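Each chain, letter by letter, is given below.
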Amino acid sequence: MDKRLKFGIKAIIFIIMLLSIPLSSHAYMGQNKDYILTDEKPENLEETHYLEFVSKETYSVKAGDTLWDISESYWGDGTYYQKILDDNADVVSMPEHLMPGSQLQLEKTLYTKAGIEDHISQNQFRYDVIVGKDAFKLEDSYGNRNFNSPYWIYASVPYENDLKEADPYVHWEEFKDEVRRCSKKICGELVSDLSFERYQVTGIGSLCGYHFTFDAGDKEYIIMAYFCYNTTTQSEAFALCEKQRCTKSMLGLIRGKTFYAAVRFLDPGVYYVKAQDYVGSEDWKYPQLRNPFVNAMQRLYSGPLLQAEDYPNDDVIKWKAPELEKLVREELSNLWQLTEEEKQAFMERDMTAGDLAGIEEMDLSYYSVDNGTEEEYMRVQLNGSANNGTDITLYPPVKERLLNTLEDLKHFRELKSLNVILRTPCITNLSCIENLTDLRVLNLDIQSADTQVENVDFLGKLTKLRSLRMGGWYWKKQYNEYFEGITDLSILRNCPHLAYLTLKTGNVESYDFLADLPEIHYLFLSRIWGEKNLVPDESLLPNARFIEIYGEQVRFENGEGYDPPYNLR
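Residues numbered from 1 in each chain as written. Predicted model: local features only at pLDDT ≥ 70, side-chain atom pairs only at ≥ 80, totals over all residues. Heavy atoms only, no water.

### Details of the overall build of the chain
When you go through the chain residue by residue, the secondary structure sums to nine helices and 19 strands. Burial statistics for the chain: of 569 residues in total, 49% are counted as buried. Of the contacts made within the chain by residues no fewer than 6 positions apart, 66% connect residues no fewer than 24 positions apart. Approximately 27600 Å² of the chain is accessible, and the part contributed by carbon and sulfur atoms is 49%. (Helix = DSSP H or I, 4+ residues; strand = E, 2+ residues; numbered from the N terminus. Buried < 20%, exposed > 50% of the residue type's maximum accessible area, 1.4 Å probe, protein only. Contact = heavy atoms within 4.5 Å. Areas by Shrake-Rupley, 256 points an atom, 1.4 Å probe, with all protein chains shown as cover.)

Following this line, the structure appears as structure tokens:
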């Protein structure tokens with residue numbers, strides 16, 4: 001049966017079931033007050049229409065501690081000191097003189113008046129569903145800033161729980177130490193007021209999280225990060241708050257909404273696959289979780305990229321493509337936040353290898369006049385810079401190409417992510433990419449109906465590669481010849497950490513190499529018109545959670561599934 005028809009039938013059945021529920025049991029659109037955490041258990045509500053968060057901790061008293069300070073740290077309100085005193089009467093004989101080393105039992109139960117069966121209005125709740133690699137972002141897909149509210153909440157759809165023995169709730173002290181270490185390593189002194197909390201959510205699972213203040217330079221943000229687990233799924237929620245615009249009562253509301261978002265999953269009814277590693281996954285011991293510290297530095301920090309000092313092998317760069325050099329210089333000037341005088345001096349001196357230190361992400365797009373366009377266009381974006389990077393356009397009559405070779409890519413020694421979009425018949429040699437041995441992500445979107453790539457042997461040198469997308473599509477002929485000559489991809493055996501593989505290479509004659517890639521999580525093969533389109537044996541990928549072969553989803557981690565977002569294919 002057609003998947004859309006099956007989905008439609010399920011939707012009709014769900015609506016009928018919903019209408020059959022007694023009116024008193026109907027889910028409702030929660031109001032702001034329903035998400036505020038309170039220690040008063042809701043009355044006259046069924047269990048599915050409120051959430052219960054139970055916390056039990058043991059606190060070791062430190063020199064200088066007071067009950068008020070401990071209460072403020074644990075409850076967020078110092079006035080609960082009397083409860084701590086009552087619960088620990090056998091330990092605390094003189095409240096004004098706490099004995100260092102004493103073990104205090106801290107307990108609290110919090111509630112929201114919105115439950116697992118209640119629905120949410122996206123505009124009222126102010127949330128976005130996280131699909132890609134980020135924990136949060138301020139710009140839309142066009143690079144326009146869309147963060148106008150004092151706060152926004154970002155929630156993921158649930159993925160399979162693969163933390164298992166590394167469950168932070170069980171290994172709580174280890175988790176807190178790792179978060180503190182990562183915070184210091186990535187953000188230094190830009191992070192303050194880092195605080196942790198964990199709960200058991202009655203009938204659901206554990207909720208763990210933390211919040212901190214981040215100094216972005218031009219303003220301060222309060223970031224909240226929470227994740228909820230049950231036996232099969234994991235879901236994360238993040239709150240991004242402009243500190244100056246948020247009152248204490250508003251922060252209380254935001255915290256309650258973030259709790260709810262993590263537990264409730266904010267299920268949009270459409271599940272997306274995990275099609276790439278999360279930003280900052282390699283910077284801590286929890287690659288299954290999104291890393292808000294790396295996200296904060298990349299998305300929020302307004303300070304300059306630091307220029308390298310005493311860089312090893314700091315040789316002068318001899319550029320093969322002068323127009324590419326111009327765009328790179330403009331990008332670096334913006335990232336370093338040079339004054340006009342400093343920029344002029346930089347534009348006049350030689351560039352060296354050290355100038356490219358710290359450049360870990362690069363997007364390069366090139367459209368030539370002889371591949372379906374009337375003008376030459378090239379764009380470069382480094383480290384996710386603002387305004388989608390720097391570009392140049394040559395209008396007719398065009399006398400020369402902007403780009404004839406990719407050889408200059410070899411100078412970017414520290415690249416971890418490279419995205420190349422080519423619409424030209426003049427570049428067939430990709431071998432220079434083999435020099436980028438730190439690459440984790442490589443996207444090659446190349447369209448040409450007139451030429452073919454020489455070979456892809458360079459892939460064998462990229463032993464740290466985690467994600468590879470390779471293909472293209474020529475709009476005039478409905479197919480792409482660029483990778484038509486590629487029949488053997490066994491070179492990918494040299495990439496043992498490859499986890500996400502998207503291919504539009506229809507003449508590959510064998511997929512046996514997949515058996516030697518045990519970390520493959522995601523495989524997406526596109527059918528190419530007029531080519532062989534060999535179907536690989538699904539058993540070659542026992543650990544994969546998503547497999548789509550020529551339009552058919554043969555494995556999906558969340559039921560039948562839906563198409564992954566276009567930009568992740």
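### Concerning the packing of aromatic side chains
Evaluated as defined, the whole model comprises 27 aromatic pairs. Aromatic side chains tryptophan 68 and tyrosine 81 sit 6.1 Å apart centroid to centroid with 35° between the ring planes, which places their arrangement in the tilted category. Here tryptophan 68, found in helix 2 (residues 67–75), pairs with tyrosine 81, found in helix 3 (residues 81–87); they are 13 residues apart in sequence, far enough to count as distant. Every member of this aromatic cluster is reached through a ring pair, and the members are Trp172, Phe175, Phe196, Tyr210, Phe212, Phe227, Tyr229, Trp284, Tyr286 and Phe293. Lysine 274 extends its terminal NZ or CZ atom over the ring of tyrosine 278, reaching a point 4.3 Å from the ring centre. (Phe/Tyr/Trp six-rings, centres within 6.5 Å; stacked < 30°, edge-to-face > 60°. Lys NZ or Arg CZ within 6 Å of the ring centre and 35° of its normal.)

### Let's talk about the packing of helix 5 (residues 172–187) against helix 7 (residues 292–299)
Interhelical geometry of helix 5 versus helix 7 gives an angle of 20° and a closest axis separation of 9 Å. Viewed along their axes, helix 5 and helix 7 adopt a mutual orientation that is roughly parallel. In the crossing of helix 5 with helix 7, the sense of the turn from one axis to the other is right-handed. Residues Val179, Cys182, Ser183, Ile186 and Cys187 of helix 5 form the contact with helix 7, whose participating residues are Phe293, Val294 and Met297. For the contact of helix 5 with helix 7, a count of residues per class yields seven nonpolar, one polar and no charged. (Axes fitted to C-alpha atoms, helices over the stretch in contact; angles between N-to-C directions. Parallel < 35°, antiparallel > 145°, perpendicular 65-115°, else oblique. Left-handed = near helix turned anticlockwise from the far one by under 90°. Nonpolar A, V, L, I, M, F, W, Y, C, P; charged D, E, K, R; others polar.)

### A few points about the environment of lysine 532
One can find lysine 532 in the loop between strand 17 (522–525) and strand 18 (546–549). Residue class for lysine 532 comes out exposed when judged on its relative accessible area of 54%. In the structure, lysine 532 is positioned 23 residues away from glutamate 509 in sequence and 8.0 Å away in space, judged by C-alpha atoms. Those residues in contact with lysine 532, other than ones at most four positions away along the chain, are Gly506, Asn507 and Glu509.

### A few points about the packing of helix 8 (residues 322–336) against helix 9 (residues 340–348)
Running from N to C, helix 8 and helix 9 cross one another at 145°; their axes reach a closest spacing of 11 Å. Handedness of the helix 8/helix 9 crossing: right-handed. Contacts between helix 8 and helix 9 involve Arg329, Glu330, Leu332, Ser333 and Trp336 from the former and Lys343, Phe346 and Met347 from the latter. Here the contact of helix 8 with helix 9 is built from residues that sort into four nonpolar, one polar and three charged.

### Things to note about the pairing of strand 15 (residues 467–471)
Among the five residues that make up strand 15, four are buried, leaving the element largely enclosed by the rest of the structure. As paired strands, strand 15 and strand 16 (residues 500–503) are joined by four bridges and run parallel to one another. Across the sheet, residue arginine 469 finds its bridge partner in strand 16, namely threonine 502. (Pairing = 2+ DSSP bridges.)

### Quick word on the environment of glutamate 242
As for its placement among the helices and strands, glutamate 242 is situated in strand 9 (residues 233–242). On the accessibility criterion, glutamate 242 (9% relative accessible area) is buried. On a C-alpha basis, the gap between glutamate 242 and tyrosine 221 in space is 4.7 Å, while along the polypeptide they are 21 residues apart.

### Quick notes on the confidence of the model for the chain
Residues at a pLDDT of 70 or more form 86% of the chain, whose mean pLDDT is 85. Mean pLDDT across the elements of the chain bottoms out in helix 1 (residues 3–20) (43) and peaks in helix 9 (97). Contacts of residues 1–7 to residues separated by more than four positions or lying in other chains number eight contacts, the stretch itself having pLDDT below 50. Here residues 559–569 is a poorly scored stretch, pLDDT under 50, and it has 38 contacts once near neighbours within four places are set aside; other chains count. (pLDDT = per-residue confidence, 0-100.)

### Considering the nonpolar core
By size, the foremost hydrophobic cluster in this structure holds 68 residues, and its most contacted members are Leu324, Val328, Met362, Leu418, Ile433, Leu442 and Leu501. With six residues, the top contributor of residues to this core is helix 8. Core analysis: the second largest hydrophobic core is formed by 40 residues, Leu98, Ala114, Ala155 and Val201 among them. (Core = buried A, V, L, I, M, F, W, Y, C linked by side-chain atoms within 4.5 Å.)

### Things to note about the pattern of salt bridges
Taken as a whole and assessed by the stated rule, the structure comprises 30 salt bridges. For glutamate 173, the salt bridge goes to lysine 176, with nearest N and O atoms at 3.2 Å. Of the two residues, glutamate 173 and lysine 176 both sit in helix 5, three residues apart, roughly one turn of that helix. Assessed through its relative accessible area of 47%, glutamate 173 is described here as partly exposed. (Salt bridge = Lys/Arg side-chain N within 4 Å of Asp/Glu carboxyl O.)

### Some remarks on unusual backbone geometry
Excluding glycine, most residues fall at negative phi; most peptide bonds, likewise, are trans. In this structure, the amide linkage connecting proline 396 to the following residue, proline 397, adopts the cis form with an omega of -5°. Residue aspartate 310 is not a glycine yet carries a positive backbone phi of 55°. Tracing the backbone shows aspartate 310 in the loop between helix 7 and helix 8. For aspartate 310, a relative accessible area of 77% puts it in the exposed group.

### Focus on the pairing of strand 7 (residues 205–215)
Counting buried positions along strand 7 yields nine of 11 residues, so the element is predominantly enclosed. With nine bridges connecting them, strand 6 (residues 191–201) and strand 7 associate as antiparallel partners. Looking across to strand 7, one finds that serine 195 is bridged to histidine 211. Connecting strand 6 to the next strand, strand 7, in antiparallel fashion are three residues, including glycine 203 with a positive phi near 80°. Where strand 7 and strand 8 (residues 220–229) come together, 10 bridges link them in antiparallel fashion. Each bridged residue has a counterpart across the sheet, and for phenylalanine 214 the counterpart in strand 8 is tyrosine 221. Following strand 7, the chain reverses through four residues before pairing antiparallel with strand 8; glycine 217 in that reversal takes a positive phi of roughly 105°.

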